[in-house]
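In case you want the letters, here they are:
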Amino acid sequence: MPASVKGDIVYRTIDKVVLFLPPARVEPEALKQIEHTASMPFIYKHVAVMPDCHYGKGATVGTVLATKGAIIPAAVGVDIGCGMVAVKTPLKRDAFKEPAALRADIERRIPMSVARGNNRIIPTAAARVAHLDQLAERDYSAIHAGWKLQLGTLGGGNHFIELAVDEEDTVWATLHSGSRGIGNKIGNMHIKKAQQETARKGISLPDRDLAYLEEGSAAFAEYIRDLAWAQEYARLNRDEMMDRVMMVLSEAIYETPGRTRELEVQRINCHHNFTQVEPHFGERVWVTRKGAIEARRGMWAMIPGSMGTRSYIVTGLENPMSFNSAPHGAGRRYSRTKARQLFTMADLDRAMDGIEFRRSKVLLDEIPAAYKDIDEVMEHARSLVEVRHVLKQFLNVKGD
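Here the structure is a predicted model, which means the values were calculated and not measured. (Residues numbered from 1 in each chain as written. Predicted model: local features only at pLDDT ≥ 70, side-chain atom pairs only at ≥ 80, totals over all residues. Heavy atoms only, no water.)

Considerations on the layout of surface pockets
Consideration 1: The volume enclosed by the largest pocket comes to roughly 1000 Å³.
Consideration 2: Lining the largest pocket are 40 residues, and of these Asp-79, Asn-158, His-159, Asn-273 and Arg-336 sit closest to its centre.
Consideration 3: Those elements that place two or more of their residues in the lining of the largest pocket are helix 2 (73-76) and helix 6 (180-200).
Consideration 4: A class-by-class count of the residues in the lining of the largest pocket yields 11 nonpolar, 20 polar and 9 charged.
Consideration 5: The calculated volume of the second largest pocket comes to roughly 300 Å³. (1 Å grid on protein atoms, 1.4 Å probe; cavity = no way out; pocket = protein on both sides within 12 Å on 5 of 7 lines; lining within 4 Å. Points joined across faces, edges and corners; volume = space filled by probe spheres on them. Helix = DSSP H or I, 4+ residues; strand = E, 2+ residues; numbered from the N terminus. Nonpolar A, V, L, I, M, F, W, Y, C, P; charged D, E, K, R; others polar.)

Focus on the nonpolar core
Consideration 1: Counting 49 residues, the largest nonpolar core has Val-314, Leu-348 and Val-385 as its most contacted members.
Consideration 2: Excluding its chain neighbours within four sequence positions, the residues that come into contact with Leu-348 are Met-307, Phe-357, Ser-360, Leu-363, Leu-364 and Ile-367. (Core = buried A, V, L, I, M, F, W, Y, C linked by side-chain atoms within 4.5 Å. Buried < 20%, exposed > 50% of the residue type's maximum accessible area, 1.4 Å probe, protein only. Contact = heavy atoms within 4.5 Å.)

Examining the pattern of salt bridges
Consideration 1: Under the counting rule described, the total for this entry stands at 34 salt bridges.
Consideration 2: Notably, a salt bridge pairs Lys-57 with Asp-209, separated by 3.3 Å at the nearest N-O pair. Within this pair, whereas Lys-57 is found in the loop between strand 4 (43-54) and strand 5 (61-67), its partner Asp-209 is found in the loop between helix 6 and strand 10 (213-214), the two being separated by 152 residues in sequence.
Consideration 3: The class of Asp-209 is buried, set by a relative accessible area of 11%.
Consideration 4: Where Asp-133 meets Lys-148, a salt bridge forms, and the shortest distance between an N and an O atom there is 3.0 Å. Residue Asp-133 is located in helix 4 (residues 123-135), and its partner Lys-148 is located in helix 5 (residues 147-150); the two are separated by 15 residues in the primary sequence.
Consideration 5: In the salt-bridge network here, residues are joined through shared partners; they are Arg-128, Glu-232, Arg-235, Asp-239, Glu-240, Asp-243, Arg-244, Glu-264 and Arg-267. (Salt bridge = Lys/Arg side-chain N within 4 Å of Asp/Glu carboxyl O.)

Some remarks on the pairing of strand 16 (residues 311-316)
Consideration 1: The buried fraction of strand 16 amounts to 6 of the 6 residues, a majority that puts the element mostly inside the structure.
Consideration 2: Bridging between strand 15 (residues 300-303) and strand 16 involves 4 bridges; their strand directions are antiparallel. Looking at the pairing, Ile-303 lines up with Tyr-312 of strand 16.
Consideration 3: Note: strand 16 against strand 18 (residues 385-398), 6 bridges, orientation antiparallel. Along strand 18, the bridge assignment pairs Val-314 with Val-387. (Pairing = 2+ DSSP bridges.)

What to know about the pairing of strand 12 (residues 273-280)
Consideration 1: Where strand 12 and strand 13 (residues 283-290) come together, 8 bridges link them in antiparallel fashion. Residue pairing for strand 13: Val-277 is matched across the bridge by Trp-286.
Consideration 2: The turn joining strand 12 and strand 13, which pair antiparallel and follow one another in sequence, is formed by 2 residues; a positive phi near 50° is taken by Phe-281.

Topic: helix 6
Consideration 1: If you check helix 6, its first and last C-alpha atoms are 31 Å apart, about what 21 residues at 1.5 Å a residue would give, namely 30 Å.
Consideration 2: Taken together, the buried positions of helix 6 are Arg-180, Gly-181, Ile-182, Gly-183, Ile-186, Gly-187, His-190, Ile-191, Ala-194, Gln-195 and Thr-198.
Consideration 3: As for helix 6, its buried residues are in contact with helix 2, helix 5, strand 9 (170-177), strand 10 and helix 7 (218-254).
Consideration 4: Just past helix 6, the residue Gly-202 takes up positive phi, approximately 70°. (Expected span 1.5 Å × (residues − 1).)

Below, the structure is given as structure tokens:
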């Protein structure tokens, strides 16, 4: 049933669930998962459901949980700190005559997929690796030996690098990635610890992935320590790769990689899988966003579409019912397996017409039709963000 909150339409299925899209637009298994999450005793106020929500592991992708006294590690997920970085340039589209060569240069400079072939820390990454080493309060190499070599690598799946133009034909460089293998290891390690803790205490759960860590415990403190480090890793990983993209653009425009400062008008870097302490409704609580961005008033962020569709540069409207949050992207409509059954390479070619990309069967499950309509997502997000720029890509880079 819809309910008006300060002039904005939200929906409820049960008292502790607030949706920013009609419940009929949410798949039944995701709705059940949301209601299970909302039943946890430490949920503060309600679970806020974003317009791009879909079923996920542990908690629904596109949910925001405010909690008191506990955190659910699976509600953050294993791609800790995954998010977006976007750079506005002073350039126009006609500055780039050979997008195929540009894509090849980006792919040479930034290792894709799992980046197993990346066997050295290049100079631009060394300072960031040293900073992470200094921040570390434990030996993260014992958890994932390759974390230093993976800083500055893109990953696969829905991670991407794109060049796009806004409504004024201004070129933006955008990038989606996170904390790579170390974030995955940290996430899975603490999900398992939470499951062991709840089992040891004999706690009954509607879903074992809703296992939680109680604030004040040693396990909770260890998780927060590792989570904060992985979130910083993700932010630095995006900045490292974007710096390399800007070097490619500098070489294309000036025939030298050293004039990147002249090409950077604005940089936006935002997480969409993370946890932090925030004030809401007069209390300080833990806010976990899984597939959602922070959207405080005036805060800049990027909400990407799928490859081949539009993306949005936005500022937050600080909607209290969303815990100052907004959607993180289009959200999947079909699983990867289902997408491969439904679509062909001819479908992908039509969707990517006019866009420079690596044509590969590996990318078929990333076809735009496998995702929700980003324009519909943004229509439901009108009370959450203000659209500042609409981007349309002309170059896409993805790993396997």
